[in-house]
Amino acid sequence: MKVTVIGLGPGGGADLTGRARAALEACDLIVGYTAYIDLVRADFPQKETLSTGMRREVDRCRAAVEAARTGRDVAVVCSGDSGVYGMAGLIYEVAQEYDPIEIEVVPGITAACGGAAVLGAPLTHDFAVVSLSDLLTPWEKIEKRLTAAAQADFVLCLYNPASRSRPDYLRRACDILLSAGKDPATVCGTVRNIGRAGEEAALLTLGELRDTKVDMFTTVFVGNSQTKVIGGKMVTPRGYLQRGE
């Protein structure tokens, strides 16, 4: 009786780790959002799958736990990392409603790491990850987190920067960062479709980012006061050269 929560990485399976692949090969049933099941179906055609649509996360996790209670080894798949805006936490919450089962979390490459690699090295120093989706977090709390991160001079990685129902949230976030004292010339970057067909990236300033159109497939990076462009790449120095050793 086991549920393994697996991060598939940000792309179409190219960034699947060896540990994640081994866990998928060992399981009896793969459970996940329909789009994520489609990412692994070709590599594991013999596996039984169970998928649900968007906003059916609780149902999906309950189905996985209930299947595990029958003696099956169940894999729950997420994009990116299973513990970063993924299903790992919800599996633990839902499992409390049942007799104890074994739960294992298998990490994956989250969009922050995948997107950073495309842009260069923007996360070499302290950084914060904030989702701009207010579906589960009040916007007032998101605003406080953005303000605090800007005042502390963190590099910021922004998930879920916009959607059809939230077309202006990135602009609002940029205005908050600027009001908190960030320089409009701060180096920023965007990456869309990380690790997938049609991957595209851009470097721009915070002032330019404010008026940039993005969607849910885009991850946004906002540099700190030390972030610069080196050889066409976004780089945040850690300080090794500046230390003089």
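Because the structure is a prediction, the values reported are computed rather than measured.

### Side note on the overall build of the protein
Thought 1: Across its full length, the protein carries 9 helices and 13 strands.
Thought 2: Relative to a compact globule of 245 residues, whose C-alpha radius of gyration would be 18 Å, the protein shows 19 Å and is just as compact.
Thought 3: Dimensions of the protein, computed from C-alpha atoms along their principal axes, come out at roughly 55 × 40 × 35 Å.
Thought 4: The proportion of buried residues among the 245 residues of the protein is 44%.

### With respect to the packing of helix H6 (residues 139-151) against helix H7 (residues 169-179)
Two packed helices can be described by the angle between their axes and the distance between those axes.
Thought 1: Direction vectors running N to C along H6 and H7 enclose 45 degrees, while the axes themselves pass 9 Å from each other. With respect to their mutual orientation, H6 and H7 come out oblique. For the pair H6 and H7, the sense of crossing is right-handed. On the side of H6, the interface is formed by Trp 139, Glu 143, Leu 146, Thr 147 and Ala 150, while H7 contributes Tyr 169, Arg 172, Ala 173, Ile 176 and Leu 177.

### Here we look at the packing of aromatic side chains
Thought 1: Per the counting criterion, the structure on display carries 3 aromatic pairs.
Thought 2: On the basis of an interplanar angle of 80 degrees and a centroid distance of 5.1 Å, the ring pair of Tyr 33 and Tyr 36 is categorised as edge-to-face.
Thought 3: On the accessibility criterion, Tyr 36 (21% relative accessible area) is partly exposed.
Thought 4: Both rings, one in Trp 139 and one in Tyr 169, keep their centres 4.9 Å apart while their planes meet at 55 degrees; by these two values the pair is tilted. One end of the pair, Trp 139, is in helix H6; the other, Tyr 169, is in helix H7, and 30 residues separate them in sequence. You'll find Trp 139 and Tyr 169 in the same group, each marked buried.
Thought 5: The ring of Trp 139 has Arg 172 lying over it, and the distance from NZ or CZ to the ring centre is 4.6 Å.
Thought 6: For Arg 172, the ring lying beneath its charged end belongs to Tyr 169, and the centroid distance is 4.7 Å.

### Points about the sheet that holds strand E12 (residues 228-230)
Thought 1: Strand order in the open sheet formed by 3 strands is E6-E13-E12, and the pairing between neighbours is mixed. Looking at strand neighbours, the two that pair on one side only are strand E6 (120-121) and E12, the edges of this open sheet.
Thought 2: The pairing of E6 with strand E13 (residues 233-235) spans 2 bridges and is parallel. Its bridge partner being in E13, Gly 120 is matched across the sheet by Met 234.

### Let's talk about the sheet that holds strand E2 (residues 29-33)
Thought 1: Within the open sheet, the 5 strands sit side by side as E3-E2-E4-E1-E5. Their pairing is parallel. Edge positions in the sheet fall to strand E3 (48-52) and strand E5 (102-106), since each has one partner strand and no second. Here the strands of the sheet are splayed against their neighbours by 20 degrees on average, with no regard to which way each runs.
Thought 2: Sheet topology places E2 next to strand E4 (residues 73-78); 4 bridges connect them, and they run parallel. Residue pairing in the sheet places Leu 29 in a bridge with Val 74 of E4.
Thought 3: Sheet strands touched by helix H2 (residues 34-41): E2, E3 and E4. Its angle to E2, the strand with the most contacts, is close to 135 degrees.

### Examining the domain arrangement of the protein
Thought 1: Here the protein is described as being made up of domain 1 (2-109) and domain 2 (112-235).
Thought 2: Inter-centroid distance (C-alpha atoms) of domain 1 to domain 2 is 28 Å.
Thought 3: The interface of domain 1 with domain 2 comprises 7 residues on the first partner and 10 residues on the second.
Thought 4: At the boundary of domain 1 with domain 2, total buried surface from both sides reaches about 670 Å², with 62% on carbon and sulfur atoms.
Thought 5: Viewed at the interface, domain 2 and domain 1 are joined by 0 salt bridges.
Thought 6: At the surface where domain 1 touches domain 2, the tally comes to 2 residue pairs in polar contact (both at pLDDT 80 or more).
Thought 7: Across the side of domain 1 that touches domain 2, the residue classes tally to 4 nonpolar, 2 polar and 1 charged.

Cut-off values and rules
Residues numbered from 1 in each chain as written. Predicted model: local features only at pLDDT ≥ 70, side-chain atom pairs only at ≥ 80, totals over all residues. Heavy atoms only, no water. Helix = DSSP H or I, 4+ residues; strand = E, 2+ residues; numbered from the N terminus. Rg over C-alpha atoms; globule rule 2.2 N^0.38 Å. Buried < 20%, exposed > 50% of the residue type's maximum accessible area, 1.4 Å probe, protein only. Axes fitted to C-alpha atoms, helices over the stretch in contact; angles between N-to-C directions. Parallel < 35°, antiparallel > 145°, perpendicular 65-115°, else oblique. Left-handed = near helix turned anticlockwise from the far one by under 90°. Contact = heavy atoms within 4.5 Å. Phe/Tyr/Trp six-rings, centres within 6.5 Å; stacked < 30°, edge-to-face > 60°. Lys NZ or Arg CZ within 6 Å of the ring centre and 35° of its normal. Pairing = 2+ DSSP bridges. Domains from an automatic or database assignment. Buried area = accessible area lost by both parts, 1.4 Å probe. Salt bridge = Lys/Arg side-chain N within 4 Å of Asp/Glu carboxyl O. Polar contact = N/O pair within 3.5 Å; in protein donor to acceptor, adjacent residues only side chain to side chain. Nonpolar A, V, L, I, M, F, W, Y, C, P; charged D, E, K, R; others polar.

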